[in-house]
Amino acid sequence: GAVVSQHPSWVICKSGTSVKIECRSLDFQATTMFWYRQFPKQSLMLMATSNEGSKATYEQGVEKDKFLINHASLTLSTLTVTSAHPEDSSFYICSAYGTGYHSNQPQHFGDGTRLSIL
Amino acid sequence: SQQGEEDPQALSIQEGENATMNCSYKTSINNLQWYRQNSGRGLVHLILIRSNEREKHSGRLRVTLDTSKKSSSLLITASRAADTASYFCATPLTSGTYKYIFGTGTRLKVLA
């Protein structure tokens, strides 16, 4: 149980294009999802908290107009990297808590999306 | 930065040996979690230890927590090649929150 699916797993695109990454909870409802960014051989950096039916909460230093987050249903959050540039190339990972979560619960992670901007 | 530190950054051992990695954190916590990440993949939850616990076991994993020193350790006994991965500790951004800060990670390589 508690499977999170992330799609696509790898995307390569030209500079200036927008890229949408999907994060789905397959067997549970996720009221809260998180988006992380990870550079090679580094830790995860929290970008934003995605809340179903409301605006995302962005961490300091993360451009909300660059990284658009939509959490329109209890099973899907999307991250759109707008007008992507080479410096946006990174590994993006989502995670989710289920409904009725409390703080002493683990997060369930997707398998990540490797984004390469040429 | 509130990010926790892990050491060592990298560890290479022979199959069958034990691997110990340490995590130090900065905030007050109600729990600490350990995750494993295989190369190019997402994170897999290994174990959660609450702030009122000092030690916890799960299979070949043993986690200790010392809240007075704000540190935790993860011991993997009788390591296997399949244990090769990066290991991260995660602590709440603030006590009771659902936002977590991940440590810098330890890259473990188990040689067959």
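Residues numbered from 1 in each chain as written. Chains lettered and ligands numbered in written order. Predicted model: local features only at pLDDT ≥ 70, side-chain atom pairs only at ≥ 80, totals over all residues. Heavy atoms only, no water.

Enquirer: Describe the overall build of chain A, naming the residues involved and giving the relevant values.
Expert: A count of helices and strands for chain A gives zero helices and eleven strands. Going from the N terminus to the C terminus, chain A shows its helices and strands as β-β-β-β-β-β-β-β-β-β-β. Since a compact globule built from 118 residues should have a radius of gyration of about 13 Å, the 14 Å found for chain A is in line with a globular shape. The principal-axis extents of the C-alpha atoms in chain A amount to approximately 40 × 25 × 20 Å. A total of 118 residues make up chain A; the buried ones form 51% of that total. A fraction of 56% describes how many contacts in chain A between residues 6 or more apart in sequence connect residues 24 or more apart. Of the roughly 5,600 Å² of accessible surface on chain A, a fraction of 52% belongs to carbon and sulfur atoms. In chain A, 9 positive and 9 negative side-chain charges are present, and the distance between their average locations comes to 5 Å. (Helix = DSSP H or I, 4+ residues; strand = E, 2+ residues; numbered from the N terminus. Rg over C-alpha atoms; globule rule 2.2 N^0.38 Å. Buried < 20%, exposed > 50% of the residue type's maximum accessible area, 1.4 Å probe, protein only. Contact = heavy atoms within 4.5 Å. Areas by Shrake-Rupley, 256 points an atom, 1.4 Å probe, with all protein chains shown as cover. Lys, Arg positive; Asp, Glu negative; His and termini not counted. Charge placed at Lys NZ, Arg CZ, Asp CG, Glu CD.)

Enquirer: Any chance you could break down the pattern of salt bridges for me, citing the residues and the numbers?
Expert: Inspection of the entire model under this criterion finds six salt bridges over all chains. As a salt-bridge pair, A:Glu22 and A:Arg24 come within 3.4 Å of each other at their nearest N and O atoms. Here B:Arg41 makes a salt bridge to A:Asp111, at a shortest N to O gap of 2.7 Å. Here B:Arg41 is found in the loop between strand E4 (31-37) and strand E5 (43-50), whereas its partner A:Asp111 is found in the loop between strand E10 (108-109) and strand E11 (113-117) on a different chain. Among the residues examined, A:Asp111 registers a relative accessible area of 36% and is labelled partly exposed. (Salt bridge = Lys/Arg side-chain N within 4 Å of Asp/Glu carboxyl O.)

Enquirer: Go over the state of the cysteines with me, naming the residues and quoting the values.
Expert: Residue and element names in this part refer to chain A. Within the structure shown, the criterion is met by two disulfides over all chains. Disulfide partner of Cys 23: Cys 94, at an S-S distance of 2.0 Å. Here Cys 23 and Cys 94 share a disulfide; its torsion about the S-S bond, 85°, makes the bridge right-handed. One end of the pair, Cys 23, is in strand E3 (residues 19-25); the other, Cys 94, is in strand E9 (residues 90-97), and 71 residues separate them in sequence. Across this residue pair, the class does not change: Cys 23 and Cys 94 are buried. (Disulfide = S-S within 2.5 Å.)

Enquirer: Before we move on, can you summarise the sheet that holds strand E1 (residues 4-7) of chain A with the specific residues and values?
Expert: Residues and elements named next belong to chain A. The strand order across the open sheet built from four strands is E1-E3-E8-E7, with neighbouring strands paired in antiparallel fashion. Across the chains shown, the open sheet's two edge strands, defined by having one partner strand only, are E1 and strand E7 (67-73). In this sheet, neighbouring strand axes are inclined to one another by 15° on average, regardless of whether the strands run parallel or antiparallel. (Pairing = 2+ DSSP bridges. Axes fitted to C-alpha atoms, helices over the stretch in contact; angles between N-to-C directions.)

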